[in-house]
Amino acid sequence: MRICFISRRYFPAISGMSVYARNLLRQLVGRGHDVVMLSQYRDDPIGREIYGGGPPPDVDGVEVIGLESIGEAAASAGGLADFEADMATMVSTVLARHECKPFDLVHAQYSYPTGLAALEISRHTGIPNVVSIQGGDGHWVGSCCDTHQLAMQAVLEHANALLIGCRSFAQEVQDNHGTAAERFTIVPGGVDTERFHAAPDQVAGSLHATPRFLYHGRVDRRKGAIDLIDAVHLLRDGPAFEVVFSGIGPDLEAARARVEELGLGNRVSFSGYVPYAEAPEVYRANDIFVSPTWSEGFSNTILEAMASGLPVISTESVGVVDCIEHERNGLLVPCHDIAAFARQMRRLLDDEALSRRLAATALDDVRRHYRWPVVAEQIEHCYRQVMTTPPDSAWSAFYTPGRTLAQADPSCRFRQQPHLL
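Numbering of residues starts from 1 in each chain and follows the order in which that chain's sequence is written. The predicted origin of the model limits local features to residues at a pLDDT of at least 70 and limits the giving and counting of side-chain atom pairs to 80 or more, whereas totals for whole chains, interfaces and linings rest on all residues. Working from all heavy atoms in the structure, the side-chain values ignore hydrogens and water.

Undergrad: Explanation requested: the overall build of the chain in the structure shown.
TA: Per the secondary structure count, the chain includes 16 helices and 13 strands. Rg of the C-alpha trace for the chain: 21 Å, near the compact-globule value of 22 Å for 421 residues, within the 12% margin. For the chain, the spread of C-alpha atoms along the principal axes amounts to about 65 × 45 × 40 Å. Throughout this description, buried means an accessible area under 20% of the type-specific maximum (1.4 Å probe, protein chains only), exposed means over 50%, and partly exposed covers the range between. Looking at the chain residue by residue over its 421 residues, the buried ones come to 59%. In this analysis, two residues are considered to be in contact whenever any of their non-hydrogen atoms come within 4.5 Å of each other. Contacts in the chain between residues far apart in sequence, at least 24 positions, make up 75% of those at least 6 positions apart. For the chain, the exposed surface amounts to about 15,800 Å²; the carbon and sulfur share of it is 50%. Only four residue types enter the tally: Lys and Arg on the positive side, Asp and Glu on the negative side; His and the chain ends are excluded. Charged side chains are reduced to one point each, which is NZ for Lys, CZ for Arg, CG for Asp and CD for Glu. Computed over 37 positive and 52 negative side-chain charges, the inter-centroid distance for the chain is 3 Å. A run of H or I in DSSP becomes a helix once it reaches four residues, and a run of E becomes a strand once it reaches two; helices and strands are each numbered from the N terminus. The reference for a compact globule is 2.2 Å times residues^0.38; the radius of gyration itself is calculated from the C-alpha atoms. Note on areas: Shrake-Rupley, 1.4 Å probe, and residue coverage restricted to the protein chains presented here.

What follows is the structure, encoded as structure tokens:
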């Protein structure tokens, strides 16, 4: 099968999207598919600061096409993000490749803007499409403005297949948009268990003499970065421990400032950008994974932590409750409950036996359910199903193909701050 895979972000941008794309591409090539990946990227100063951006690297066995999100980057200069211009570039680039050597299917990460571009590609070529709903566009896009409400309606009601990571996230999208439950195909996130595993000489869940909590991923208040610092402040007079923030993101400087404000420099450190190749060692160098996130599509970092033999403390949030069960394979607290999060951190500091039990159960769960070969088989099955279904172009009756920025709703908050998308 010849597959066009459209990613909103790929490495060097560190994100769940990049990790998902990397592992899926590896599996598709290994299964004998001919894959072309088109990835958007930011190369402006603000984009690089937030994403660690730049053109995507080569991928073994995959033709990689990098398209700079010039329209989106217009917001950095005080303008409005021109998602429409970037979509037009995506569509024309894929159509030119299709004319040279036809694709059998197009698969997009994110409903908007990449999923909408996939629908337009299908309208021109007649090939089916698959859209993976991940992260922010499922949580927020559509509630922001009339333009994006119509765009989400187009994708959610007219894509050949909608892949989504878990039932709680599907329910959120259903509540936001009225999408019929049967439109979703639940395919969980996956983790590369060949790379992410406990150290050979270490018992899962064991603690260093000075235990180390790890926050790894996008440093964003919506991921609970500031909440975690406030929880550490509540534990400042307790036993010795360290907290490591690994990663970059839109709230990195705000997090640094909060640590300084609270005088927590002896407890909290920031390691900055970490290449994905070095991520397994980051997990193995720490003891307990903390994710006070407000919502997820499906958390790659939680799966990576579980696979690395770390117990997890997280929240009762969308995208987390599907893989973490309180007291069985991790600990959960209500979202935004900083005091409760601090109590669970203290609990694991005081009870290494509990830490080991939770970590061992989580490790077994990952090996049973979330290995990438298992996940890729489910995605490939979806591909085979949609190959018998022609694309649905009825969306073009209410969302005009070729819409420009001049025709869009300028009130959208993502037009001013596209990194929140």
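We are not done yet, so read on.
Undergrad: How should the sheet that holds strand β8 (residues 212-216) be read in this particular structure?
TA: What links the strands of a sheet is backbone hydrogen bonding, and the strands pair in either a parallel or an antiparallel sense. Two strands form a pair only when DSSP identifies at least two bridges running between them. Spatial strand order, β10-β9-β8-β11-β12-β13: six strands in an open sheet with parallel pairing. Each of the sheet's edge strands pairs with one partner strand only, and the pair in question is β10 (268-272) and β13 (331-333). The average angle at which neighbouring strand axes cross in this sheet is 25 degrees, direction not considered. Across two bridges, the pairing between strand β11 (residues 288-290) and strand β12 (residues 312-315) is parallel. Bridging across to β12, Phe289 finds its partner in Val312. Angles here are taken between N-to-C directions and fall from 0 to 180 degrees, while the axes themselves are lines fitted to C-alpha atoms, restricted in helices to the stretch in contact. Lying over the sheet, helix α12 (residues 300-307) contacts β8, β11 and β12, oriented at roughly 160 degrees with respect to β12.

Undergrad: Before we go on, may I ask you to explain helix α14 (residues 352-369) in this structure?
TA: Owing to its 3.6 residues per turn, the α-helix aligns residues three or four sequence positions apart on the same side. The span expected for a helix works out to 1.5 Å for each residue beyond the first. Helix length check: α14, at 18 residues, gives a terminal C-alpha distance of 26 Å against a target of 26 Å (1.5 Å per residue), a fit within 8%. Along α14, the residues that are buried comprise Leu354, Ser355, Leu358, Ala359, Ala362, Leu363, Asp365 and Val366. Taken down its axis, α14 places every buried residue within 160 degrees of arc, on the same side. Those residues of α14 that are exposed and aimed more than 90 degrees away from the buried face are Ala353, Arg367 and Arg368. Turning to α14, the residues buried within the fold contact α12, β13 and α13 (338-350). This arc corresponds to the set of directions leading from the helix axis out to the C-beta atoms.

Undergrad: I keep staring at the environment of Val374 and nothing clicks. Help me out?
TA: In this fold, Val374 is placed in helix α15 (residues 372-386). Using a relative accessible area of 27% as the deciding quantity, one classes Val374 as partly exposed. In sequence terms Val374 and Val187 are 187 residues apart; their C-alpha atoms lie 9.9 Å from each other.

Undergrad: Help me out: how do you make sense of the side chain of His139 in this one?
TA: For His139, the location among the structural elements is in helix α6 (residues 136-139). Assessed through its relative accessible area of 8%, His139 is described here as buried. With residues up to four places along the chain from it excluded, the contact list for His139 reads Phe169, Glu172, Asn176, Ser295, Glu296, Gly297 and Val318.

Undergrad: Before we go on, may I ask you to explain the packing of aromatic side chains in this structure?
TA: Any aromatic ring pair is given by two values, namely how distant the centres are and how the planes are angled relative to each other. A pair of Phe, Tyr and Trp rings is counted when the ring centres sit within 6.5 Å of each other, with Trp represented by its six-membered ring. The angle between the planes then sorts it: under 30 degrees is stacked, over 60 is edge-to-face, the rest tilted. Counting across every chain of the model gives eleven aromatic pairs. Plain terms: the ring middles of Tyr10 and Phe11 are 5.2 Å apart, the flat faces sit at 75 degrees to each other, and that makes the pair edge-to-face. Ring plane angle 40 degrees and centroid distance 5.9 Å describe the contact between Tyr283 and Phe289, whose orientation is recorded as tilted. By relative accessible area, Tyr283 is classed as buried at 0%. Residue classification places Phe289 among the buried positions, given a relative accessible area of 1%. The rule for a charge over a ring is simple: NZ of Lys or CZ of Arg within 6 Å of the ring centre, and within 35 degrees of the ring normal. Cation over ring: Arg195 sits above Tyr276, and NZ or CZ is 4.7 Å from the ring centre. Cation over ring: Arg403 sits above Tyr399, and NZ or CZ is 4.5 Å from the ring centre.

Undergrad: Just to check I follow, could you spell out the pattern of salt bridges for this structure?
TA: Salt bridge, as used here: a side-chain nitrogen of Lys or Arg that lies within 4 Å of a carboxyl oxygen of Asp or Glu. A complete count under the given rule lists 31 salt bridges for this structure. The residue Glu72 makes a salt bridge to Arg9 at a minimum N-O spacing of 2.8 Å. Highlighted residues: Glu72 in helix α3 (residues 70-73) and Arg9 in the loop between β1 (2-7) and α1 (16-30), separated in sequence by 63 residues. Under the relative-accessibility criterion, Glu72 is labelled buried at 0%. Given a relative accessible area of 2%, Arg9 falls into the buried group. Two residues, Asp350 and Arg346, come together in a salt bridge whose shortest N-O distance is 3.0 Å. Taken together, the positions of Asp350 and Arg346, both in helix α13 and four residues apart, correspond to about one turn of that helix. Its relative accessible area of 34% is what places Arg346 among the partly exposed residues. Salt bridges linked by common partners bring Arg8, Arg9, Arg42, Asp44 and Glu72 together as one network.

Undergrad: Please explain the nonpolar core as it appears in this structure.
TA: Side chains that are nonpolar tend, in soluble globular proteins, to be buried together. Membership of the largest hydrophobic core comes to 99 residues, with the highest contact counts inside it found for Ile6, Leu116 and Ile379. Not counting residues up to four positions away in its chain, the partners in contact with Leu116 are Met87, Ser111, Ala151, Ala154, Val155, Trp395 and Tyr399. Throughout, nonpolar core names a set of buried Ala, Val, Leu, Ile, Met, Phe, Trp, Tyr and Cys residues whose side chains join them through atoms within 4.5 Å. Core analysis: the next-biggest nonpolar cluster, separate from the first, contains 35 residues, Phe213, Leu235, Leu264 and Ile313 among them.

Undergrad: How should I be thinking about the packing of helix α5 (residues 111-125) against helix α7 (residues 146-158) in this particular structure?
TA: Axes are the key here: two packed helices are described by the angle between their axes and the distance separating the axes. As a packed pair, α5 and α7 sit with axes 9 Å apart at the nearest point and diverge in direction by 55 degrees. In terms of axis orientation, α5 runs oblique to α7. Like other packed secondary-structure pairs, α5 and α7 cross with a definite hand, here left-handed. From α5, Ser111, Tyr112, Gly115, Leu116 and Leu119 reach across to α7, where they touch His148, Ala151, Met152, Ala154, Val155 and His158. Partitioned by chemical class, the residues of the contact of α5 with α7 number seven nonpolar, four polar and no charged. The scheme is simple: roughly parallel for angles under 35 degrees, roughly antiparallel for over 145, roughly perpendicular for 65 to 115, oblique for anything else. Each crossing gets its hand from how the near helix is turned against the far one by less than a right angle, where anticlockwise is left-handed and clockwise is right-handed. Residue classes follow a fixed rule: Ala, Val, Leu, Ile, Met, Phe, Trp, Tyr, Cys and Pro count as nonpolar, while Asp, Glu, Lys and Arg count as charged, and any other residue, Gly among them, counts as polar.

Undergrad: Which parts of the structure should I look at to understand the environment of Ala305?
TA: Its place among the elements puts Ala305 in helix α12. In the structure, Ala305 is positioned 61 residues away from Val366 in sequence and 9.9 Å away in space, judged by C-alpha atoms. When residues no more than four places from it in sequence are discounted, the contact partners of Ala305 are Tyr283, Phe289, Leu310 and Val312.

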